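One letter stands for each residue in the lines below.
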Amino acid sequence: LSNALSFTSTPTGKGLGWLLLAILVTWLSDTAAYLVGRSVGKTPLLPRVSPRKTVEGALGGIVAAGLTGLICTLAFGLHVHPLTGLLVGVVLGVV
């Protein structure tokens, strides 16, 4: 598994796919968190730290991250189980 997650010369030649997955998960989860938070967000996440962030926005970002990871795994032909792509997406979205 460590070879499959390497961004450099992988045996499968899928390093670019993993890089794009990381970029797209970051971009789309942030965008989804903003849009969900603006449209339906009511519950403040940490008002003293960032008063405009909402729980609903955070959950929307995590869901978008998981779906993006799953879709990228399938679209880029990464040689892992699709649920692994979903899990990688969620982990990247939370981090």
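Here we summarise the structure given alongside this text.

All right, on to the overall build of the protein chain then. When helices and strands are tallied, the protein chain shows 3 helices and 2 strands. Secondary structure elements of the protein chain, listed N to C terminal, follow the sequence α-β-β-α-α. Relative to its full complement of 95 residues, the protein chain shows a buried share of 26%. Counted over contacts in the protein chain with a minimum sequence separation of 6, partners at least 24 positions apart contribute 51%. Of the roughly 6300 Å² of accessible surface on the protein chain, 71% is carried by carbon and sulfur atoms.

Another point: a nonpolar patch on the surface. On the surface, Leu 16, Leu 19, Leu 20 and Ile 23 cluster together into a nonpolar patch covering about 350 Å² of accessible area. When you line up the elements, Leu 19 lands in helix H1 (residues 15-40). The exposure class assigned to Leu 19 is partly exposed, which follows from its relative accessible area of 39%.

Here the focus is the side chain of Thr 68. Looking at the element boundaries, Thr 68 is found in helix H2 (residues 55-75). For Thr 68, a relative accessible area of 9% gives the class buried. Not counting residues up to four positions away in its chain, the partners in contact with Thr 68 are Leu 24, Val 25 and Leu 28.

Residues Trp 18, Leu 21, Val 25, Ala 65, Cys 72, Leu 78 and Val 80 constitute the largest nonpolar core, which totals 7 residues. Only H1 and H2 provide two or more residues apiece to this core. Among the elements that take part in this core, H1 stands out by supplying 3 residues, more than any other. Not counting residues up to four positions away in its chain, the partners in contact with Val 80 are Trp 18, Thr 73 and Gly 85.

Another point: the pairing of strand E2 (residues 50-54). In this sheet, E2 lies alongside strand E1 (residues 44-46) in antiparallel orientation, the contact comprising 2 bridges. Within the sheet, the bridge partner assigned to Pro 44 lies in E2 and is Thr 54. Hairpin connection between E1 and E2: a loop of 3 residues separates the two successive antiparallel strands.

This part takes up H2. Compared with an ideal rise of 1.5 Å per residue, which puts 21 residues at 30 Å, H2 spans 30 Å between its outermost C-alpha atoms and is within 8% of the ideal. Those residues of H2 hidden inside the fold are in contact with H1, E2 and helix H3 (82-94). One or two residues past the end of H2 sits Gly 77, with phi positive at roughly 65°.

Cut-offs and rules
- Along every chain, residues carry numbers that run from 1 in the direction the sequence is written.
- Selection of residues for local features in this predicted model requires a pLDDT of at least 70, selection of side-chain atom pairs for listing and counting requires 80 or more, and totals for whole chains, interfaces and linings are taken over all residues.
- Derived side-chain values reflect all non-hydrogen atoms in the structure, with water molecules and hydrogen atoms excluded from consideration.
- Under the DSSP-based scheme used, a helix requires at least four consecutive residues in state H or I and a strand at least two consecutive residues in state E, with every element numbered from the N terminus.
- A 1.4 Å probe rolled over the protein chains alone gives each residue an accessible area, and that area as a share of the maximum for its type sets the label: buried under 20%, exposed over 50%, partly exposed in between.
- In this description, contact between two residues means that some pair of their heavy atoms is separated by no more than 4.5 Å.
- Accessibility throughout is a Shrake-Rupley quantity obtained with a 1.4 Å probe, and a residue counts as covered only by protein chains that appear here.
- Patches in this entry comprise residues that are over 30% relatively accessible and not in a salt bridge; like charges within 9 Å are linked, as are nonpolar side chains (Val, Leu, Ile, Met, Phe, Trp, Tyr) within 5 Å.
- A carboxyl oxygen of Asp or Glu within 4 Å of a side-chain nitrogen of Lys or Arg is what we treat as a salt bridge.
- Here, nonpolar core means buried Ala, Val, Leu, Ile, Met, Phe, Trp, Tyr and Cys residues that are tied together by side-chain atoms lying within 4.5 Å of each other.
- Strand pairing is defined by DSSP finding a minimum of two bridges between the two strands.
- Here, expected helix span is obtained from the residue count minus one, scaled by 1.5 Å.

Take it as geometry only, folks, not as evidence of what the structure does.
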